[in-house]
Amino acid sequence: MLNKLTGAIRNLLNPATGEAVTVNKNELQEEQTRARSTGMRRANSGISVASSLNPRRLAGVLRQAAEGNALDYFILAEEMEERDLHYSSVLRTRKLTVAGLEPTVEAASDDARDIEIADAVRTMIERPQIPELLFDLLDGLGKGIAVVEILWDISSSTQWVPRDYSWVDPRFLKMDAETLRQVHVLTEAQPFHGEPLAAYKYIVHQPRLKSGLPLRNGLARLVAVMYMLKSFTVRDWWAFGEKFGLPITLGKYGPNASTEDIQTLIDAIASLASDAGCAIPASMQIDMVETASRQGGGDLFKGMAEWCDAQTSKAVLGQTMTTDDGSSQSQANVHNQVRMDIARWDARQLENTLNEFLVRPFIMLNYGPQDNYPNVCLRINEPENLKALVDALIPLIDRGMKVQASVLRDKFGLPEPEAGSDILQPTSSLNSSAGMFTALNHENIALNRQSAPDDIDSLTQEGISDWQRVGSAFTNPVLALASDATSYEDFLARLPELQASLDANEFVDQLARLCFQARGMGDVSDAE
């Protein structure tokens, strides 16, 4: 396949439709959707939608977008990100949560061929343009669709590899009239309906935020009403501040004031309003009158603006606790978990897009169609879960449970160690020699103690000598009874009578004293 990459490349399958296509080598290397200063795809159209936004205008923009004419909708979505700081912040947070992930590659199997292909894909994914590619594809979260053009090139190893990725302005895109699902690009030959995207040239990301058509899935469509209401609120808020935020400057003049005196007073008021200082005759008077509406009058506008921001946070992040009204760490963790669920869904959809529109074309161009393809994965690792996993696995592994090392490396995002590289060793293996010498020292101590006179032995000898002295007082009568008894039953019958006459108090005291001394010696040895 590598030797046939000249002229037209035939017998390839379109990864999006599965149909056979012919790819031109020159078209793979050329940028087809670059903006121009003139023509159909102009870099700056000079059109603004947000500036004249009102309920009727917004309804028309959303209705036209649902019908397939999404030019004004794409312009509005772009302007919303540029003008609304809160929407821009929460949307960028959602994008960067996924765009900042490190992609990993899983081979289709352990076969040598599959591993070779996976290594080639891994080399492509590790190129420095990938983070920007992920961020550009996540532009579809706001607009409902994002398209990036692949600029292919032939490397020194005669492989087709992307040298760069070019974000396609959504103003140049249009959905097909029949299904509103197939993406077309506007060209000079087709300025209205557009032409279908060329195979192997574009990565199309259509996030599924809800069921329905792609153009009805963008967050901008969901947030547009809140953006309009907030813009009204902020504009009225500023007007209120200009009118009631400053005290009214009131000048008074007497009935005998001349025209020159009145003009002097007017000039003084004008100077005071701008410079907060003036000079007037002593016969004139200037008062600063506070308005009653100034006291707390702006709280209404502030509350409305904050309410609009809260609704925007719910739409974009799925919660408000971490952005607007966080009150406790536990509550914030619960709400942050909801946001992570959304992030995992975004990452999974982006994985599918990369595998379908980048990985498969790369493999088909260089290796031909395969039965199975490697997968690019974007995993969101949570430190708490990984720590719990380690804590749970350690005792199970110690008890003989077998765990595949590659599975754990994939969970932690760690690569396979290279030959000859420095490898971290467990603490037990590093201290094995020290542990062996420590064990030997303990053994020598025990041997020394065994060979030396033992305190317990001395205590035993002392107890035996005392036993001979105090034990005969009650052992001799028992032995005499055993000799006189005619049977075992006779011995048991006469034993209670003998027991009442025995004196064992001294023997019991001696035995208790010996036990106490032995226990004390044992505690001292344990402490040492």
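About the thresholds
- Residues numbered from 1 in each chain as written.
- Predicted model: local features only at pLDDT ≥ 70, side-chain atom pairs only at ≥ 80, totals over all residues.
- Heavy atoms only, no water.
- Axes fitted to C-alpha atoms, helices over the stretch in contact; angles between N-to-C directions.
- Helix = DSSP H or I, 4+ residues; strand = E, 2+ residues; numbered from the N terminus.
- Parallel < 35°, antiparallel > 145°, perpendicular 65-115°, else oblique.
- Left-handed = near helix turned anticlockwise from the far one by under 90°.
- Contact = heavy atoms within 4.5 Å.
- Nonpolar A, V, L, I, M, F, W, Y, C, P; charged D, E, K, R; others polar.
- 1 Å grid on protein atoms, 1.4 Å probe; cavity = no way out; pocket = protein on both sides within 12 Å on 5 of 7 lines; lining within 4 Å.
- Points joined across faces, edges and corners; volume = space filled by probe spheres on them.
- Core = buried A, V, L, I, M, F, W, Y, C linked by side-chain atoms within 4.5 Å.
- Buried < 20%, exposed > 50% of the residue type's maximum accessible area, 1.4 Å probe, protein only.
- Expected span 1.5 Å × (residues − 1).
- Bend = angle between axes of the 7 residues up to and from the residue.
- Pairing = 2+ DSSP bridges.
- Salt bridge = Lys/Arg side-chain N within 4 Å of Asp/Glu carboxyl O.
- Phe/Tyr/Trp six-rings, centres within 6.5 Å; stacked < 30°, edge-to-face > 60°.
- Lys NZ or Arg CZ within 6 Å of the ring centre and 35° of its normal.
- pLDDT = per-residue confidence, 0-100.
- Polar contact = N/O pair within 3.5 Å; in protein donor to acceptor, adjacent residues only side chain to side chain.

Enquirer: Where do I start with the packing of helix H4 (residues 85-99) against helix H10 (residues 299-317) in this structure?
Expert: The relative placement of two packed helices comes down to the angle between their axes together with the axis-to-axis distance. Two numbers describe how H4 lies on H10: the axes approach to 10 Å, and their chain directions differ by 20°. When the axis of H4 is compared with that of H10, the two are roughly parallel. Two packed elements cross with a definite hand, and for H4 against H10 that hand is right-handed. Residues His-86, Tyr-87, Val-90, Leu-91, Thr-93 and Arg-94 of H4 form the contact with H10, whose own contacting residues are Asp-309, Thr-312, Ser-313, Ala-315, Val-316 and Leu-317. Classifying every residue of the contact of H4 with H10 gives six nonpolar, four polar and two charged.

Enquirer: When you look at empty space enclosed by the protein in this model, what are you seeing that I'm missing?
Expert: It is the rolling of a water-molecule-sized probe over the atoms that shows where space remains empty. Tallying each qualifying case throughout the model produces one cavity of 30 Å³ or more. What the largest cavity holds in volume is close to 50 Å³. For the lining of the largest cavity, the elements supplying multiple residues, two or more each, are H4, H10 and helix H11 (329-367). Looking at the lining of the largest cavity element by element, the count peaks at four residues for H11. Here the lining of the largest cavity is built from residues that sort into five nonpolar, one polar and two charged.

Enquirer: What is the right way to look at the nonpolar core in this model?
Expert: Grouped burial of nonpolar side chains is what soluble globular proteins tend to show. Residues Val-121, Leu-133, Val-147, Tyr-165 and Leu-358 are the most contacted members of the largest nonpolar core, which totals 83 residues. It is H11 that provides the largest number of residues to this core, a total of 13 residues. Once residues within four sequence positions are removed from consideration, Val-147 is found in contact with Ser-166, Trp-167, Val-168, Leu-173, Val-183, Leu-197, Tyr-202, Ile-203 and Val-204.

Enquirer: What exactly am I supposed to notice about the packing of helix H3 (residues 71-83) against H4 here?
Expert: At a closest axis distance of 6 Å, the pairing of H3 and H4 adopts a crossing angle of 100°. Here H3 lies roughly perpendicular to H4, going by the angle between them. On the side of H3, the interface is formed by Met-80, Glu-81 and Arg-83, while H4 contributes Leu-85, Tyr-87, Ser-88, Leu-91 and Lys-95. Taken together, the residues that form the contact of H3 with H4 break down as four nonpolar, one polar and three charged.

Enquirer: What am I meant to see in the side chain of Thr-353 here?
Expert: Within the fold, Thr-353 resides in helix H11. Filtering out sequence-adjacent residues up to four positions away, Thr-353 remains in contact with Ile-203, Val-204, His-205 and Leu-358.

Enquirer: Looking at this structure, I do not really get the environment of Glu-416. What am I missing?
Expert: One can find Glu-416 in the loop between helix H13 (405-412) and helix H14 (427-430). Sequence-wise, Glu-416 and Ser-406 are ten residues apart; in three dimensions their C-alpha atoms are separated by 7.6 Å.

Enquirer: Looking at this structure, I do not really get helix H18 (residues 488-501). What am I missing?
Expert: One full turn of an α-helix is made of 3.6 residues, so residues set three or four places apart face in the same direction. Between its terminal C-alpha atoms H18 stretches 20 Å, which fits the 20 Å expected from 14 residues at 1.5 Å a residue. Bending of H18 peaks at approximately 40° at the position of Leu-495, with proline Pro-496 no more than four residues after it.

Enquirer: When you look at the sheet that holds strand S7 (residues 183-185) in this model, what are you seeing that I'm missing?
Expert: Sheet strands pair by backbone hydrogen bonding; their relative direction is either parallel or antiparallel. Spatial ordering of the open sheet is given by S6-S7-S8, a layout of three strands whose pairing is antiparallel. This sheet does not close on itself; its edge strands, each paired only once, are strand S6 (173-175) and strand S8 (195-196).

Enquirer: Could you clarify how one ought to interpret the pattern of salt bridges in this entry?
Expert: Enumeration over the complete set of coordinates arrives at 18 salt bridges. Residue Arg-83 is joined to Glu-79 by a salt bridge in which the shortest nitrogen-to-oxygen separation is 3.9 Å. A residue pair is termed a helical-turn pair when its members lie 3 or 4 positions apart in one helix, as Arg-83 and Glu-79 do in helix H3 at four residues. Between Lys-95 and Glu-81 there is a salt bridge; the shortest N-O distance is 3.7 Å. Separated by 14 residues along the polypeptide, Lys-95 in helix H4 and Glu-81 in helix H3 bring together distant segments of the chain. On the basis of relative accessible area, Lys-95 is assigned to the buried category, the value being 5%. Each of the salt bridges in this network shares a partner with another, and the network as a whole consists of Glu-78, Glu-81, Lys-95, Asp-139 and Lys-143.

Enquirer: Even after reading the chapter, I still don't get the packing of aromatic side chains, so can you show me in this structure?
Expert: In this description, a pair of aromatic rings is defined by centroid distance and the angle of the planes. This model, assessed by the stated rule, comprises one aromatic pair. Here the aromatic rings of Tyr-73 and Phe-74 are separated by 5.8 Å at their centres, their planes lie at 45°, and the arrangement is tilted. Here Tyr-73 and Phe-74 have matching classes, each one buried. Cation over ring: Lys-95 sits above Phe-135, and NZ or CZ is 5.2 Å from the ring centre. Directly above the ring of Phe-192 sits Lys-174, whose terminal nitrogen or CZ lies 3.5 Å from the centroid.

Enquirer: Help me understand the sheet that holds strand S4 (residues 146-154), please; the structure alone is not making it clear to me.
Expert: Spatially, three strands are ordered S5-S4-S9 in an open sheet, and the strand pairing comes out antiparallel. At either end of the open sheet lies a strand with only one pairing partner, and these are strand S5 (160-167) and strand S9 (202-205). The mean inter-strand angle of the sheet, taken between neighbouring strand axes irrespective of direction, is 30°. As paired strands, S4 and S5 are joined by seven bridges and run antiparallel to one another. Bridged to Glu-149 within S5 is Ser-166.

Enquirer: What am I meant to see in the confidence of the model for the protein here?
Expert: Interpretation of this model should avoid reading the predicted coordinates in detail wherever pLDDT is low. On average, residues of the protein score 79 in pLDDT, and 73% of them are at 70 or above. For the protein, per-element mean pLDDT is lowest for helix H15 (residues 432-451), which scores 47, and highest for helix H6 (residues 130-137), which scores 96. Note on residues 433-440: pLDDT is under 50 here. Beyond four places in sequence and across chains, it has zero contacts. For the stretch residues 442-453, pLDDT sits under 50, and the model shows two contacts to residues farther than four places along the chain or on other chains.

Enquirer: Even after reading the chapter, I still don't get the environment of Lys-201, so can you show me in this structure?
Expert: Along the polypeptide, Lys-201 turns up in the loop between S8 and S9. On the basis of relative accessible area, Lys-201 is assigned to the buried category, the value being 1%. Separated by 52 residues in the primary sequence, Lys-201 and Glu-149 place their C-alpha atoms 5.7 Å from one another. Filtering out sequence-adjacent residues up to four positions away, Lys-201 remains in contact with Glu-27, Leu-28, Glu-30, Gln-32, Val-148, Glu-149, Ile-150, Leu-151 and Trp-152. A distance of 2.7 Å separates a polar side-chain atom of Lys-201 from the backbone oxygen of Glu-30. For Lys-201, the side chain forms a polar contact with the side chain of Glu-149, separated by 3.0 Å.

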